[in-house]
Amino acid sequence: MAESAAAVVDALRMQVPPGVVVSASVGTAPGPFRARPTSAGRSAESRSARDCAGAALAMLGQRSTDIPTGEGGQPVWPTGFVGSLSHCPGFTVAAVGHVGVVSAIGIDVEVHRPVRPAVAATIVCGDEASMLTRLASSHPAVAWSAVLWSVKESVFKTWYPLTGRWVDYTACEVVIHPDRGSFDARVVPPAGPTARSTAPRTFAGRWSVVGTHLCSVVIVPASRRQDG
């Protein structure tokens, strides 16, 4: 378990630009997949993720490492910093960077196992169902439903800080590139204003399967402007 988690952290560090720090903590062994953890498990994992965030902020020279929770449930970062938290059974991680380097970060870690079909049905949209079928045929060793879940989580973790608005999984359509370990995503939110009209609609990121876990990353550079 510890070796797999360390490898995931190494993969994440390779996927973020200089100036973004990744910190992680290993806990208990992975349990069964849950679309939403129990309240006790979520609380413990959330505290651990915030401890990781505090360690990352300290490495960036930030003395105050308190990470409160915003009204939307998102972490509230100290002025001058952006970041992202993720946790799954047995593993928590944080990535933090200066706003002069990145304007948003999205990371996600998951246990590498298929998402339950009933849950997967709630996240698939557009051409994703046929894409998952093709990927399962050409690369059967990968739990592609879990990869899709993870990359959408990473996209939403960049989308919300830029817009102040959560959207449903089916508002984001993903194209996974299996041989490059990358993906492209487009968010098409329901009609209505967002908090910040300059937010991008398209995102590109990286994903990796490492041992018992998988991870995904989306980085929005500080210079990125609205698209789409």
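(A) Summary view of the overall build of the protein chain. Assigned secondary structure in the protein chain consists of five helices and eight strands. Secondary structure elements in the protein chain, listed N-terminal to C-terminal, are α-β-α-β-β-β-α-α-α-β-β-β-β. Out of the 228 residues in the protein chain, the part that is buried amounts to 50%. In the protein chain, 65% of the contacts between residues at least 6 apart in sequence involve partners at least 24 apart.

(B) Region of the structure containing the sheet that holds strand β6 (residues 182–187). The strand order across the open sheet formed by five strands is β4-β8-β7-β6-β5, and the pairing between neighbours is antiparallel. Looking at strand neighbours, the two that pair on one side only are β4 (102–111) and β5 (172–177), the edges of this open sheet. Within this sheet the neighbouring strands show an average axis-to-axis angle of 20°, counted without direction. Inspection of the sheet shows strand β7 (residues 202–210) paired to strand β8 (residues 213–221) by six bridges, in the antiparallel sense. Paired with valine 210 across the bridge in β8 is histidine 213. Along the sheet, helix α5 (residues 144–163) makes contact with β4, β5, β6, β7 and β8, crossing β4 at roughly 155°.

(C) Focus on the pattern of salt bridges. On inspection of all chains with the given rule, the structure shows two salt bridges. A salt bridge links aspartate 108 to lysine 157; the shortest N-O distance between them is 3.7 Å. In this pair, aspartate 108 is assigned in strand β4 and lysine 157 in helix α5, connecting sequence segments 49 residues apart. We note that aspartate 108, like lysine 157, is buried.

(D) Representation of the pairing of β6 in the model. With six bridges connecting them, β5 and β6 associate as antiparallel partners. The residue of β6 that forms the bridge with glutamate 173 is arginine 186. Counted between consecutive antiparallel strands, the loop separating β5 from β6 contains four residues, among which glycine 181 sits at a positive phi close to 60°. When β6 meets β7, the two strands line up antiparallel, connected through five bridges. From the neighbouring strand, aspartate 184 faces β7, where its bridge partner is alanine 204.

Cut-off values and rules
Residues numbered from 1 in each chain as written. Predicted model: local features only at pLDDT ≥ 70, side-chain atom pairs only at ≥ 80, totals over all residues. Heavy atoms only, no water. Helix = DSSP H or I, 4+ residues; strand = E, 2+ residues; numbered from the N terminus. Buried < 20%, exposed > 50% of the residue type's maximum accessible area, 1.4 Å probe, protein only. Contact = heavy atoms within 4.5 Å. Pairing = 2+ DSSP bridges. Axes fitted to C-alpha atoms, helices over the stretch in contact; angles between N-to-C directions. Salt bridge = Lys/Arg side-chain N within 4 Å of Asp/Glu carboxyl O.

Functional significance is not addressed by these values, which are geometric in nature.
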